[in-house]
Amino acid sequence: MVVEERLVPSGGSTDLLSIGTSNMTLLMDHRPTSQSSHLTSLPTREIGSLFTATSSENSSSLSLLCACDELEHSIPSFPICLFIGVSSEEVSRLDTVNIGAIFAFNTIDGKVAKVAMKAAEDDINSDPSVLGGRKLSIALHDSSFSSFLGIIGALQFMETDTVAIIGPQSAVMAHVLSTLANELQVPLLSFTALDPSLSPLQYPFFVQTAPNDEFQMAAISEMVSYFGWTEVITVFSDDDQGRNGVITLGDKLADRRCRISYKAALPPDPMAKRSDVLRELRKIQKMESRIMVLHTDMETGLLVFEVAKSLGMMQKGYVWIASTWLSTVLDSTSPLKPEIANSIQGAVTLRPHTPDSKRKRDFISRWNRLSNSTIGLNPYGLYAYDTVWMIAHAVRLLLDQGGDISFSNDTRLNGYSGTGSGLNLSALNTFDGGKQLLKNILETNMTGLTGHVQFNQERSLINPSYDIINAVGTGHRLVGYWSNHTGLSIVPPETLYSKKPNRSSSNQHLNNVVWPGGETARPRGWVFPNNGRELRIGIPRRVSYRDFVLLVNGTDKVQGYCIDVFLAAIKLLPYALPYRFIPFGDGHKNPSYYEFVSKIKSGVFDGVVGDIAIVTNRTRIADFTLPYIESGLVVVAPVKKISSSAWSFFRPFTPLMWAVTAAFFLIVGSVVWIVEHRRNDEFRGPPNQQLITIFWFSFSTMFFAHRENVVSTLGRLVLIIWLFVVLIINSSYTASLTSFLTVEQLSSPIKGIDSLIGSNERIGFQVGSFAAGYLREELNIPKSRLVPLGSPEEYALALENRRVAALIDERPYVDLFLSDHCEFSIRGQEFTKGGWGFAFPRDSPLAIDMSTAILALSENGELQKIRDRWLSKRARSSDNNESDIKQLDLKSFWGLFLICGIACMLALLVYFWLMFRQFNRQRPEELDSAGPAISRSARLQTFLSFVDEKVERSKSSSKRKRESMSRNGYHIDDERTQRSGRMERSLSQERQSGDT
């Protein structure tokens, strides 16, 4: 308070104490109390005549003027005028911190917030240390759910030096007031206006002190995905919070390959009428989805449930998921009115999760006394309490940081308060410490009734979580939790924060839910209503291969293999499926199947049935069922029969295979002769006899009729491996020759797709088939080589006239074609794998249900019966394909020959190494005595002579020499002399023979 003294010359010099204020000016006598009290004792009408109320620049201020000359008549002594007031520049020295609150106090959230904020105010003021001796004052403004009154209340608060405002209750007001808060730098905190579009970038002074609806919609989308549903219908209030919440829900559902199939907008509270709700719900009744997400305010939401109950939409098969408004009704209204309890049976709703704590339990125990038992506590009451404490802590921190609570006029508003304008906007003051207070609020780190309170970088509360509750009886039951950390769980989220996040589907759990109608089994979530329109099922108007789809001329009757499969499948659906067939095509040629399927995307058909191949470009525009028949592209070409001849026994092997086999017979015979020659008499004798032995032994192993015994280890090893190779070759030859001689052989220059691609021949394909696109795009075959053909007759004529060298089509068509044209045959194998299915719109639950039905048809054998009834001729074409027998080539046996060749090589290496070692050990004296004069040829001849010796004679000669040496006492030198003599004699004999 500023005290200012002034001198006013009126009948003498006297001190005047002037207290200036922007709100009130009061002129008083500064004299002894007994004299000054005379003014206050004047009659009311006299005082009224002395004071005039005048308007000032501040619309909320009042100036009381005292005329000094009139006071002289009442006060004989000298008059003294006192100016008493509070200067707006010195607000920081006040003992009171002003906070405003804007709510509709006739609503549940408003009533609960009022009690909770009053309790927080009392608790703060009871502890002087919270605000350093200052008092907290919360001024309440009832907006009566009117945006206009809410704006008026905010303007009044901002004229009276309010440091922060709690509220507003709705997002509509929040969008407007946030702009005002930005300009005047007054923090605006709300725990009920939770619109996700209230971006902190656009509205930096708006703070949401409860989890916003983005997290609530994420929880709902995860619940939808958890229960296996793909489509939902939203019913929402058509205001900012309702619209933006539904938009956010659509984004969250899209992340999980789900979608909103219909959005039912209702007038916002309190304008929604029963007729509005009835009109929308009757539309919804005719739709397929039975999953309802209700995102409204309390009054409209309860009206929706009441109307839904009357329309039978709270029965078995329906699912209702309400946003958090329903949980506030369940928590704060006890007991529920019977009509409300009956209308919400089986509904699922979310409630902001607040961890259990002693402070929370103590506050709950106080609640009945605080509220006089007029209303129950819900989580938003706890958020209201914590919001007040959040502001108090931020204010105290602001003061501790050296800041002050001061306000200043915005000069931009001075021009809006002129005479006659009717506006006094210059009274709106800017909070000088607003930015620092906002910063302190966002840096809050405390433990409140709602748990740990802290903001992240996106200015959202950390660890947002919800309770998932189920309305049952007159109350509710907890079925699980959702948290941004781990998703759905049945344990409190705070117990999981210390663990690593695990959002895998196997880690998502909820307890059983009692759905509308009292059912505990998971509802399908999608049905065809009896009063719904018929499905428009497109069928191709084929001109060829009409065994698959046939539209009987002159009638609406449709039949064929594909049609019978479809009719059998819909009989297994757990609901009625109204439908009607609509032909597609001009009837002169087969339609384009890509255009046929694309009619689903354009909305012409609700599904298509027929011989529709499941290929990549079609799956981008529609969802397919499981294949009900296998299909793949094959090559068909003309063939000619091959008659038997005198040389047919050569046909099982290719010439190269014959040559390699014969070579290995000789190689193996030679290797065995080498390793057996020294010790086996059966492999010794004159050269011509030994050559015959090699040939005889080699080829006799083909029939396992060799009579020679193999005694060496190396020889036996080679022979065992070779006999295994011979066994395989004999068996393969016998099997292949049997096939060549007993099965009718067909021949064609086209061996399959590879040989067809490598040639320049023209290729035929069926009109409307995907084969043409596949050949051009995947196999890079020029379009000039492709010839469209429209019927089996055109197929046959084009192949016979050599208009095309081959045709490519899907296997089911080819099977029917070959059943009537045996002069053609499938060449090679199927080079694509796929199947036929029925197509429906993307994300249609009908595709899943029909797939289940097709699988059931396959398991119970009905699918095979339908195939036999329509496609029984295909067995003949399969036989034709099996008659193409290939010759056996080296590629099938090179591994066996490689093993045998390695065994022979190793055997020879080991054998010669052993011979060389024995040769050096038994005849070293002969080589030493000859000296370096001996020629290489002589050395080699000596080694070969050693190898050619029979092993028994070599061993006995060495034994006799050793016995003679020991008996006669010969020394080593004598033995060397004898060996040298023998060597010299041998050399002399060689020279004589050379001379001759």
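Please read all numbers here as calculations on a predicted model, not as lab measurements. (Residues numbered from 1 in each chain as written. Predicted model: local features only at pLDDT ≥ 70, side-chain atom pairs only at ≥ 80, totals over all residues. Heavy atoms only, no water.)

This brings us to the pattern of salt bridges. By the definition in use, this model includes 26 salt bridges. Across the pair Asp 240 and Arg 243 runs a salt bridge whose closest N-O atoms are separated by 2.8 Å. Highlighted residues: Asp 240 and Arg 243, both in helix H8 (residues 240-255), separated by 3 residues, approximately one helical turn. Note that Arg 279 and Asp 276 form a salt bridge whose closest N and O atoms lie 3.4 Å from each other. Of this pair, Arg 279 and Asp 276 are both found in helix H9 (residues 274-285), 3 residues apart, which corresponds to roughly one turn of the helix. Given the relative accessible area of 44%, Arg 279 is considered partly exposed. (Salt bridge = Lys/Arg side-chain N within 4 Å of Asp/Glu carboxyl O. Helix = DSSP H or I, 4+ residues; strand = E, 2+ residues; numbered from the N terminus. Buried < 20%, exposed > 50% of the residue type's maximum accessible area, 1.4 Å probe, protein only.)

Another aspect to go through is the side chain of Asp 239. Structurally, Asp 239 is set in the loop between strand S10 (231-237) and H8. Lacking a salt bridge, the buried Asp 239 has Arg 243 as its closest oppositely charged neighbour, with an N-O distance of 6.0 Å. Looking at Asp 239, its side chain comes within polar contact range of the main-chain nitrogen of Gly 242, at 2.8 Å. Those residues in contact with Asp 239 that lie beyond four places of it in its chain are Val 172, Pro 268 and Asp 297. (Lys, Arg positive; Asp, Glu negative; His and termini not counted. Polar contact = N/O pair within 3.5 Å; in protein donor to acceptor, adjacent residues only side chain to side chain. Contact = heavy atoms within 4.5 Å.)

UniProt annotation of "transmembrane region" (unreviewed entry) refers to residues 656-675, 717-741 and 893-914 when read in the numbering used here. Helix makes up 100% of residues 656-675 and strand 0%, with an end-to-end C-alpha separation of 29 Å. Taken as a whole, residues 893-914 contains 95% helix and 0% strand, while its terminal C-alpha atoms sit 32 Å from one another. (UniProt positions renumbered as here; feature names shortened; annotations may be inferred.)

Right, let's get into helix H26 (residues 845-860). Think of an α-helix as turning once every 3.6 residues; residues three or four places apart then point the same way. If you check H26, its first and last C-alpha atoms are 23 Å apart, about what 16 residues at 1.5 Å a residue would give, namely 22 Å. Every buried residue belonging to H26 is among Pro 845, Leu 846, Ala 847, Asp 849, Met 850, Ser 851, Ala 853, Ile 854 and Leu 857, and all of these are buried. Buried residues belonging to H26 abut S10, strand S22 (535-540), helix H16 (561-570), strand S27 (623-624), strand S37 (839-840) and helix H27 (862-871). One or two residues past the end of H26 sits Gly 861, with phi positive at roughly 85°. (Expected span 1.5 Å × (residues − 1).)

Let us now look at the packing of H16 against H27. At their nearest, the axes of H16 and H27 sit 10 Å apart, and the two run at 160° to each other. By the criterion of interaxial angle, the relationship of H16 to H27 is roughly antiparallel. Between H16 and H27 lies a crossing whose hand is right-handed. Residues Tyr 561, Asp 564, Val 565 and Ala 568 of H16 touch H27, and the partners they reach there are Leu 863, Ile 866, Arg 867, Arg 869, Trp 870 and Leu 871. Broken down by class, the residue content of the contact of H16 with H27 amounts to 7 nonpolar, no polar and 3 charged. (Axes fitted to C-alpha atoms, helices over the stretch in contact; angles between N-to-C directions. Parallel < 35°, antiparallel > 145°, perpendicular 65-115°, else oblique. Left-handed = near helix turned anticlockwise from the far one by under 90°. Nonpolar A, V, L, I, M, F, W, Y, C, P; charged D, E, K, R; others polar.)

This next bit is on the sheet that holds strand S33 (residues 786-789). To summarise the sheet geometry, strands pair through backbone hydrogen bonds and adopt either a parallel or an antiparallel arrangement. Reading across the sheet, the 5 strands line up as S33-S32-S34-S29-S35 and stay open at both edges, with mixed pairing between neighbours. Edge strands, defined here as strands with exactly one partner in the open sheet, are S33 and strand S35 (824-827). Each strand axis lies, on average, 35° off the axis of its neighbour in the sheet, ignoring direction. Here helix H25 (residues 811-820) sits on the sheet and contacts strand S29 (633-638), strand S32 (763-766), strand S34 (806-810) and S35; the angle it forms with S34, its principal contact strand, is near 125°. (Pairing = 2+ DSSP bridges.)

This part takes up the side chain of Asp 269. Topologically, Asp 269 is positioned in the loop between strand S11 (259-266) and H9. No salt bridge is formed by the buried Asp 269, whose closest oppositely charged neighbour, Lys 273, lies at an N-O distance of 13 Å. At 3.3 Å, the side chain of Asp 269 and the backbone nitrogen of Glu 299 are in polar contact. If we skip the residues at most four places from it in the chain, Asp 269 touches Phe 145, Asp 297, Met 298, Glu 299 and Thr 300.

Unfilled space is identified by rolling a water-sized probe across the atoms. Approximately 780 Å³ is the volume found for the largest pocket. In terms of lining, the largest pocket is formed by 35 residues, of which the most central are Phe 145, Gln 169, Asp 269, Asp 297 and Met 298. Of all elements in the fold, only helix H4 (108-125), helix H6 (171-184), helix H7 (213-226), H8, helix H10 (298-310) and helix H11 (325-332) reach the threshold of two or more residues within the lining of the largest pocket. Partitioning the lining of the largest pocket into residue classes produces 12 nonpolar, 17 polar and 6 charged. (1 Å grid on protein atoms, 1.4 Å probe; cavity = no way out; pocket = protein on both sides within 12 Å on 5 of 7 lines; lining within 4 Å. Points joined across faces, edges and corners; volume = space filled by probe spheres on them.)

What follows covers the environment of Asn 484. Tracing the chain through its elements places Asn 484 in the loop between strand S20 (475-483) and strand S21 (487-489). With 22 residues separating them along the chain, Asn 484 and Ile 462 place their C-alpha atoms 9.0 Å apart. Setting aside residues no more than four positions away along its own chain, Asn 484 makes contact with Phe 215, Pro 464 and Arg 503.

Quick look at the nonpolar core now. Counting residues in hydrophobic clusters, the biggest one holds 106 residues, and the most contacted among them are Val 163 and Trp 320. The element that contributes the greatest number of residues to this core is helix H14 (residues 379-400), accounting for 14 residues. In this structure Val 163 touches Val 97, Asn 98, Ile 99, Val 186, Pro 187, Val 395, Ile 405, Phe 407, Phe 431 and Leu 437, once residues within four positions along its chain are discounted. Phe 770, Leu 786, Ile 808 and Phe 831 belong to the second-largest nonpolar core, a separate cluster that totals 72 residues. (Core = buried A, V, L, I, M, F, W, Y, C linked by side-chain atoms within 4.5 Å.)

Turning to the packing of aromatic side chains, a few remarks are in order. The description of an aromatic ring pair rests on the distance of the ring centres and on the angle between the ring planes. Tallied over the entire structure, the rule returns 36 aromatic pairs. Taken together, a centroid distance of 6.4 Å and an interplanar angle of 40° make the contact between Tyr 385 and Trp 389 tilted. Here the residue Tyr 385 and the residue Trp 389 both occupy positions in helix H14, the gap between them amounting to 4 residues, near one helical turn. For Trp 389, a relative accessible area of 14% corresponds to the buried category. Its end group placed over the ring of Phe 105, Lys 114 keeps NZ or CZ at 5.6 Å from the ring centre. (Phe/Tyr/Trp six-rings, centres within 6.5 Å; stacked < 30°, edge-to-face > 60°. Lys NZ or Arg CZ within 6 Å of the ring centre and 35° of its normal.)

A few words on the sheet that holds strand S5 (residues 96-103). Sheet architecture is open: 5 strands sit in the order S6-S5-S7-S8-S9, paired in parallel fashion. Looking at strand neighbours, the two that pair on one side only are strand S6 (135-142) and strand S9 (206-208), the edges of this open sheet. Adjacent strand axes in the sheet meet at a mean angle of 25° when their direction is disregarded. Here strand S7 (residues 164-166) runs beside strand S8 (residues 188-190); their pairing, made up of 2 bridges, is parallel. Bridging from a neighbouring strand, Ile 166 pairs with Leu 189 of S8. This element, H4, spans S5, S6 and S7 of the sheet and lies at about 165° to S6. Packed onto the sheet, helix H5 (residues 147-159) meets S5, S6 and S7 and runs at close to 155° relative to S6.

Here we come to empty space enclosed by the protein. Tallied over the entire structure, the rule returns 6 cavities of 30 Å³ or more. Its boundaries defined by the atoms lining it, the largest cavity holds a volume of some 60 Å³. Taken together, Arg 542, Tyr 593, Asp 611, Ala 613, Arg 618, Gln 766, Val 767, Gly 768, Ser 769, Phe 770, Glu 810 and Tyr 813 make up the lining of the largest cavity. Taken together, the residues that form the lining of the largest cavity break down as 5 nonpolar, 3 polar and 4 charged.

Here we take up unusual backbone geometry. A cis geometry characterises the amide bond from Gly 167 onward to Pro 168, with omega recorded as -5°. Within the element layout of this structure, Pro 168 appears in the loop between S7 and H6. Note the cis peptide between Asp 269 and Pro 270, where omega equals -5°. Its location among the elements puts Pro 270 in the loop between S11 and H9.

Okay, the environment of Lys 118 next. Its location among the elements puts Lys 118 in helix H4. Classification of Lys 118 as partly exposed rests on a relative accessible area of 45%. Sequence separation of Lys 118 and Leu 140 is 22 residues, and the distance between their C-alpha atoms is 9.8 Å.

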